[in-house]
Amino acid sequence: MLRFVARNLNNVYKFSELQKFGASFLGSGNAEYLENLFDQWYLDNKSVPATWDSYFRQVLETNNFDFTPEPQKGQAVTARLDGQSGLRKLLSDHFRVLLLINKYRHRGHEKSQVDPLDLEHIQQIGKVKGYTKLDYREFFAEEDLDREFYIHAVGSTGITKDKQMMKLRDLINYLEKAYCGKISYEYMHIQSNEERDWFRHQIEKYDEFMPSKEQKLKTFERLGQEHAFSTFLQKKFNTSKRFGIEGCDSMISGLQSLIDEAASAGAEHVVFGMAHRGRLNTLYNVFQKSAEEIMVEFQDLKSTFNEDIWGNSGDVKYHLGSVHNVLFGDKKLRLEMLPNPSHLETVDPCVYGKVRAIQDYFQDEKREKAFGVLIHGDAAVSGQGIVYESLQMADLEGYKSGGIVHVVSNNQIGFTTVPKDSRSGLYCTDIAHAIQAPVIHVNADEPELVDKVFKIATEYRYKFKRDIFIDLVGYRRYGHNEQDQPKFTQPIMYEKIDKAPPVFIKYSDKLIAQGIVTKEQVDTLMKTHEDNLELAYQKSRKMDYNLKDWQPVPWEMIKVPVLWGRIKDTGVPLNVLKTLGEKINKIPNEFNAHPQIRKFYEERLSWIQKDQPIDFATAEALAFGTLLHEGFNIRLSGEDVQRATFSHRHAVIHDQKDPNGQDYVPLHNVIPKGQEQRLSIYNSHLSEYGVLGFDYGYSITNPNTLVLWEAQFGDFANGAQIIIDNYIASAESKWDVDSGLVMLLPNGMDGQGPEHSSGRVERFLQLSDDDPAVFDKNLGVRLTRQMRNSNMQIVQCTTPANYFHALRRQLRRDFRKPLIAMTSKRLLRLQAAKSKLTELTTQFNQVYDEALPEFLVQPNQVKRVILCSGQIYYDLLKKREDLKQNNVAILRIEQLAPFPYEFLQKIIGKYNNAEFVWVQEEHMNYGPWAFVRPRIQSVLAKTTNISNSPIHYIGRRPSGSPATGFHQLHDKEIQTLLQKAFEI
């Protein structure tokens with residue numbers, strides 16, 4: 001028997017109660033070890049580890065074995081009864097009992113009754129549980145059921161702590177109730193003993209959970225309000241999509257219980273992210289958004305709609321965000337629902353970022369004032385990769401937020417796809433195991449248990465500051481939307497659903513049977529809610545609705561710059577630049593910096609002290625340093641950003657000798673002591689989609705933090721295209737949510753192949769809402785507010801000074817816009833691409849005129865004007881120098897969007913005898929060409945004395961790939977287009 005026990009413990013139960021005895025017990029691959037250990041102890045108790053000695057003694061003492069170890073080594077331990085064989089039998093029984101208990105703790109969830117439809121064995125749906133048979137006969141015979149067994153375990157929690165002896169039958173009944181009822185738990189995969197013990201206490205003390213009459217009435221009232229709301233909308237707007245929550249109604253009372261618990265734990269801010277299903281129900285019942293507001297959205301009665309007003313496109317009602325201050329007891333909480341598109345789970349990283357930003361803003365290092373709640377669908381949580389990318393942030397220093405409560409509204413179906421076709425794992429929540437997050441499964445038809453589970457989850461989050469999952473198993477009463485017919489594909493499931501009474505009706509009947517409420521009270525509650533909703537509907541027909549009343553808002557007003565001129569001025573006085581430049585370019589002598597990095601900083605310091613031109617990295621550091629000096633905050637994140645992919649930043653310097661030494665951050669030298677948290681530079685995990693979403697969520701929280709996300713290579717950003725399309729480019733127009741997020745995208749055709757060349761600027765330009773017709777129509781008002789009335793800015797800076805101004809411009813104005821910065825890799829170290837310090841005292845240049853007019857003929861004698869953007873300028877400049885051609889001017893468009901119509905018009909007027917060409921290094925179907933062509937043509941047409949001939953394209957021909965993988969071909973292509981650029 002000992003061989004059997006050892007084999008099972010070793011192969012199956014790596015995290016059992018027996019783990020406390022050490023790896024020597026569980027790690028043994030053969031039963032002989034156990035037998036030898038026991039024989040050793042029997043002969044000499046001091047010859048075994050102290051934990052085993054303690055264990056053997058305790059078992060014998062508890063079972064009334066009288067034994068007296070002899071003081072002399074080598075002498076046997078004497079015992080009455082059957083001697084050694086009796087001891088073996090007793091220990092074998094104890095091991096078998098522990099095996100049974102541990103099997104319930106590990107696998108009891110597979111036998112649970114959490115599915116209100118009991119779909120487990122319907123082939124059409126697929127197996128959703130039941131891998132393991134929990135059968136006591138695996139370890140015992142039927143005649144053992146009424147025997148008492150020793151079950152106690154030293155240092156344990158739960159039943160193995162509280163009980164010494166127990167009949168097997170009673171033990172099994174107890175374990176069945178604890179682990180196989182309408183709540184089930186997955187927690188034994190967690191490595192932390194403390195967390196497992198805490199969970200075990202919650203589970204195995206189930207008899208302590210007895211909701212009071214007051215708690216039952218609160219649940220009854222909350223479910224009643226939700227039931228009345230859903231029923232009213234279904235009757236009044238039966239042809240509208242609302243994505244109701246019916247079938248998982250108890251989630252509403254559960255969320256309210258969660259907030260009750262959070263309020264008592266000290267929470268002040270709760271950020272929600274969820275898809276469309278149940279969103280309106282949550283806003284009405286949990287956020288206390290007025291029924292009038294919701295019904296106005298149903299009827300599309302927004303009185304402020306005006307197609308001539310910029311950024312007024314709006315969105316469907318079940319995508320809109322909301323923010324509201326609510327009272328739960330005597331606690332005031334700020335609840336925020338982030339807006340989201342129909343792309344499921346996309347909001348997840350945004351919530352992580354938003355919560356972290358709030359915590360940073362309030363210096364909430366304990367992560368107790370704010371936390372997030374993510375509400376998933378069962379198909380989405382198991383199918384969307386962004387869930388994993390987001391979960392990986394849970395314990396990363398730059399991204400953790402002290403735990404997110406994940407709620408899966410488990411309809412057991414995704415649109416028309418059932419579990420057997422939508423996941424490979426047993427549960428939709430299996431992804432939780434990736435970060436050792438516990439999972440609680442609960443039957444959605446049991447609202448009292450649902451409330452309990454939501455409270456446990458909140459308590460766990462606050463105690464351990466870790467993510468936790470709630471799998472709320474219910475169903476979806478209607479189709480994917482209320483007009484869909486689900487019986488086309490799930491006839492058996494929906495036959496059961498048709499017969500299932502609503503949760504509120506079931507719960508009301510239960511409370512009536514318990515004598516807690518009467519039928520009349522139920523009817524009165526429903527009548528009151530229905531009357532209130534009808535009154536709200538009548539008011540909504542006459543109501544003016546303003547989206548701003550319920551949109552998410554920043555945590556503080558935009559800080560108006562007071563140093564160095566007007567708001568829009570980005571220049572910094574030269575003496576300040578030098579003072580700050582010296583501070584941020586010094587490394588203490590005693591710090592063990594890498595010699596090359598020390599040389600790197602010494603060189604930058606020398607440039608500043610000697611008024612020599614500076615490079616892009618120095619300009620960036622000065623932009624950060626001056627903004628920090630002004631009182632703003634900086635957050636830079638992305639893959640390898642501390643050093644930077646191209647080893648040009650070195651913002652965080654590592655000690656080369658002391659493995660425990662602190663990193664040195666030169667930019668801290670411009671921040672008052674104790675405020676170092678105002679600068680955050682974090683290397684992210686290898687994720688674009690998730691991290692960009694996080695940083696977007698961070699950016700919409702505090703407008704006085706410059707939030708930057710840098711891609712390893714610019715084209716890697718296409719992994720985050722959903723965030724770019726649905727948030728960065730469109731959120732302000734759809735939801736009136738502002739962001740000043742900066743995307744730094746290394747870009748340039750440098751012969752590094754298809755995946756390390758183009759930052760895909762054409763995709764961003766396609767997303768720009770810049771309208772060339774506005775300039776054509778002379779709408780001057782529009783142009784004076786051009787930057788404010790644009791969805792984002794797209795720049796390709798060719799000088800460190802312009803990059804400096806572009807970054808500072810983000811905060812030195814009274815509005816916020818996303819900035820897409822195509823950053824050249826090659827220009828980081830190009831000697832020609834440097835700026836004088838004095839250029840940092842001016843402002844951003846949207847268009848650069850010819851830089852060397854003294855070497856050219858007079859403007860009216862120029863034969864060709866080359867318009868370009870980005871690093872190709874320096875290739876053109878060198879080619880012109882090599883050819884000694886003085887009748888070709890080169891203009892640089894630094895800001896592509898919004899397009900600088902007026903700035904370009906002021907410059908080109910003097911070139912009245914020239915032809916105009918556009919030159920780019922990208923292929924014709926890539927790069928800015930398609931975007932700039934109609935805009936340049938408009939400027940030419942509106943400029944006096946300029947020939948209105950079509951602008952011509954010079955560049956690579958169209959290609960399906962962004963760049964060639966052959967360096968020789970790359971060189972040939974660039975030389976060909978440079979030659980054409982100067983052929984007049």
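By convention here, each chain's residues receive numbers from 1 onward along its written sequence. Residues qualify for local features only when their pLDDT is at least 70, as the model is predicted, and side-chain atom pairs are given and counted only at 80 or more; totals for whole chains, interfaces and linings, by contrast, use all residues. Calculation of side-chain values draws on the structure's entire complement of heavy atoms; hydrogens and water are dropped beforehand.

> When you look at unusual backbone geometry in this model, what are you seeing that I'm missing?
For residues other than glycine, phi is negative in most cases, and the peptide bonds are mostly trans. Between Ala897 and Pro898 the backbone carries a cis peptide bond, its omega angle lying at -10°. In this text, helices come from DSSP runs of H or I with a minimum length of four residues, and strands from runs of E with a minimum of two, each type numbered from the N-terminal end. Mapped onto the secondary structure, Pro898 falls in the loop between β22 (895-897) and α32 (901-908).

> Would you take a moment to explain the pattern of salt bridges for this structure?
It is possible for side chains of opposite charge to pair when their charged atoms get near one another. Criterion for a salt bridge: a side-chain nitrogen of Lys or Arg within 4 Å of a carboxyl oxygen of Asp or Glu. Under the defined criterion, the tally for this structure stands at 43 salt bridges. Here Lys527 makes a salt bridge to Asp531, at a shortest N to O gap of 2.8 Å. With Lys527 and Asp531 both in helix α20 (residues 519-540) and 4 residues apart, this pair spans about one turn of that helix.

> Where do I start with the sheet that holds strand β21 (residues 888-893) in this structure?
Note: strands within a sheet are paired through backbone hydrogen bonds, in either parallel or antiparallel orientation. The strand order β19-β21-β20-β23-β24 describes an open sheet built from 5 strands, whose pairing is mixed. Lying at the two open borders of the sheet, with one neighbouring strand each, are β19 (847-848) and β24 (952-956). A pair of strands is considered paired only if DSSP assigns at least 2 bridges between the two. The pairing of strand β20 (residues 864-868) with strand β23 (residues 915-923) spans 4 bridges and is classified as parallel. Within the sheet, the bridge partner assigned to Arg864 lies in β23 and is Glu915. Against the sheet, helix α31 (residues 872-883) makes contact with β20, β21 and β23, and its axis sits at roughly 170° relative to β21, the strand it touches most. Throughout, a contact is declared for two residues whenever any of their heavy atoms are within 4.5 Å. Here, axes are lines fitted to C-alpha atoms. For helices the fit covers the stretch in contact, and angles between N-to-C directions go from 0 to 180 degrees.

> Is there a simple way to think about helix α21 (residues 574-583) in this case?
Helical geometry note: an α-helix holds 3.6 residues per turn, so side chains three or four residues apart project in the same direction. Each residue is placed in one exposure class: buried if its accessible area under a 1.4 Å probe, protein chains only, is under 20% of its type's maximum, exposed if it is over 50%, and partly exposed if it falls in between. For α21, the full list of buried residues reads Val576, Leu577, Leu580 and Gly581. One face of α21 carries all of its buried residues, which in axial projection span an arc of 125°. Contacts from the buried residues of α21 go to α22 (595-609), α23 (616-630) and α30 (800-809). Our arc is simply the arc of the directions from the helix axis toward the C-beta atoms.

> What is the right way to read the environment of Asp144 from this model?
Tracing the backbone shows Asp144 in the loop between α5 (83-107) and β3 (148-150). The class of Asp144 is buried, set by a relative accessible area of 10%. In this structure, the C-alpha to C-alpha distance between Asp144 and Lys167, residues 23 residues apart in sequence, is 8.6 Å. With sequence-adjacent residues up to four places away left out, Asp144 is seen in contact with Arg96, Phe149 and Leu168.

> Quick question: what am I supposed to make of the side chain of Gln202 here?
Inspection of the secondary structure puts Gln202 in helix α8 (residues 193-204). Ignoring any residue separated from it by four or fewer positions in sequence, one finds Gln202 in contact with Ile456 and Glu459.

So, to be careful, I would describe these as geometric facts and stop short of saying anything about function.
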